[in-house]
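Per-entry structural report
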Amino acid sequence: MAPGTHALIGWWTANVVPLTRRDRLLVFLGGVLPDLDGLGLLFSDEAYLTYHHVLFHNVFACLGWTVLVALATKDRLRCVVLCVLNWHLHLACDYFGSRGPWDTQPWVLPYFYPLIGRQEGGKFVGPPWYWNPWQWPLDSWPNLLVTLGGFAGWLYIAVRLNRTWFEFVSLRMDAEFCRVLQKWFGTRATATWSDREGKLIRKSYLIVTIAALFACVIAAAHSS
Ligand SMILES: [Zn+2]
C-alpha cells in the first residue's frame, strides 16, 4: 500500500494504548520504516525494483527494529508488542495491496529474506508463497477504503486525544492544529481514552490485526 496509508495505520497503532511521546514515535516508526527500502528510487529504477519490498519487508528487519525499541523504551512489553504488530500490519497490507496493474505479477513479500530467497539474474527467487496470488493493484478500492478508515482514525485521535503526528515536529503547532479541528467538529479533547472507548479500541485493533495476519496465512497456503 502507499506510504501514507501505512503512516495512518502506524499512527493508530501508536495510540491504541497510552504511551509517552517518545514511545509513540518508536511504535509509529515500526509501521513506516519498512518502506525505507524504497529509497533506491532516488538512485535508479533498477535499485528500486531490486530492493523495494525486499530489504526491510521481512521478519529480520522487524526483529532489528524491535531490539532497538526494546533498548530505547522503558515501557518495554507494550512497545515491543505494538512495534511487532505494526511492522507485520505493514507487511500484511503490502502482501495484499501492492500489485501493479492486474496483468502483472504480484509484488514479492520475502518474509524470511535473507535466510530464504535471493536475487538471481535480475529476478527474485523464493518459495511460491512469497507472491500472494490474491494481491490486488495499488490503486484498487480496498486500498482506498483502508486509507479512508485510517484517516478517520487519525481525525478521531486529533479531536479526542489532542494530538497528530505533527507532535514529532512541534508540540505547539500540533496543539494549535488540533484546536482548530476540535472547533470544526465541536468536540473537546481528553488526556486519554475513556475506559469503555479504550476497551473497544484495543479489542477492535486486535481483531483487525489477527484477521489481517490470518488472511496472509490463508493466501500463502493458496499460492502455488
Ligand atoms: Zn511497504
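Notes on the structure follow. (Residues numbered from 1 in each chain as written. Predicted model: local features only at pLDDT ≥ 70, side-chain atom pairs only at ≥ 80, totals over all residues.)

**A word on the overall build of the chain**
Within the chain, the regular secondary structure consists of eight helices and two strands. Helices (α) and strands (β) of the chain occur, in sequence order from the N terminus, as α-α-α-α-α-β-β-α-α-α. Scaling as 2.2 N^0.38, a compact globule of 224 residues should have a C-alpha radius of gyration of about 17 Å, and the chain matches this with 18 Å. Considering only C-alpha atoms, the chain reaches an extent of 55 × 40 × 35 Å along its principal axes. Considering the chain as a whole, with its 224 residues, one finds that 32% of them fall into the buried category. (Helix = DSSP H or I, 4+ residues; strand = E, 2+ residues; numbered from the N terminus. Rg over C-alpha atoms; globule rule 2.2 N^0.38 Å. Buried ≥ 20, exposed ≤ 12 C-beta atoms within 10 Å, placed from the backbone.)

**Some words on the nonpolar core**
Counting residues in hydrophobic clusters, the biggest one holds 38 residues, and the most contacted among them are V27, F28, W65, C83, A92 and C93. A total of 11 residues in this core trace back to one element, the largest contributor, which is helix 5 (residues 76-97). Those residues within four positions of F28 in sequence are excluded, and the remaining contacts are G10, W11, A14 and W165. (Core = buried A, V, L, I, M, F, W, Y, C linked by C-beta atoms within 7 Å. Contact = placed C-beta atoms within 7 Å.)

**Points about the environment of L77**
Relative to the helices and strands, L77 resides in helix 5. C-alpha separation for the pair L77 and Q135, spaced 58 residues apart in sequence, amounts to 33 Å.

**Considerations on the packing of helix 1 (residues 3-14) against helix 5**
A pair of packed helices is characterised by two quantities: the angle between their axes and the separation of those axes. One can describe the packing of helix 1 onto helix 5 by two numbers: an axis separation of 10 Å at closest approach and a directional angle of 155 degrees. It follows from the interaxial angle that helix 1 and helix 5 lie roughly antiparallel. Note that helix 1 runs across helix 5; the crossing there is right-handed. On helix 5, the residues touching T5, H6, I9, G10 and T13 of helix 1 are L82, L85, N86, L89, H90 and C93. (Axes fitted to C-alpha atoms, helices over the stretch in contact; angles between N-to-C directions. Parallel < 35°, antiparallel > 145°, perpendicular 65-115°, else oblique. Left-handed = near helix turned anticlockwise from the far one by under 90°.)

**Some thoughts on helix 6 (residues 141-161)**
Across its 21 residues, helix 6 extends 30 Å between first and last C-alpha, which sits within 8% of the 30 Å expected from 1.5 Å per residue. The complete set of buried residues in helix 6 reads V146, G150, I157, A158 and R160. Looking at the buried positions of helix 6, the neighbouring elements they touch are helix 1, helix 5 and helix 7 (171-185). Directly after helix 6, the chain includes N162, whose backbone phi takes a positive value near 65 degrees. (Expected span 1.5 Å × (residues − 1).)

**Section: unusual backbone geometry**
Most of the time, phi is negative for any residue but glycine, and the peptide bond is trans. For the peptide bond that leads from Y113 to P114, omega is 5 degrees, which places it in the cis range. Counting through the fold element by element, P114 comes out in the loop between helix 5 and strand 1 (118-120). A positive phi is found at H53, a non-glycine position, where the angle reads about 70 degrees. With respect to the helices and strands, H53 occurs in the loop between helix 3 (45-51) and helix 4 (59-72). Of note, the phi angle at N162 is positive, near 65 degrees, even though the residue is not glycine.

**Concerning the packing of helix 4 against helix 5**
Put simply, helix 4 and helix 5 touch, their axes get as near as 9 Å, and they point 155 degrees apart. As judged from the angle between their axes, helix 4 and helix 5 are roughly antiparallel. Handedness of the helix 4/helix 5 crossing: right-handed. For the pair formed by helix 4 and helix 5, the contact residues are C62, W65, T66, V69 and A70 on the first element and R76, C79, V80, C83, V84, W87 and H88 on the second. Taken together, the residues that form the contact of helix 4 with helix 5 break down as nine nonpolar, two polar and one charged. (Nonpolar A, V, L, I, M, F, W, Y, C, P; charged D, E, K, R; others polar.)

**Looking at the environment of A72**
Mapped onto the secondary structure, A72 falls in helix 4. Since 13 C-beta atoms lie within 10 Å of it, A72 is described here as partly exposed. Considered as a pair, A72 and D23 are 49 residues apart in the sequence and their alpha carbons are 8.5 Å apart.

Treat this as a map of the structure, not an account of what it does.
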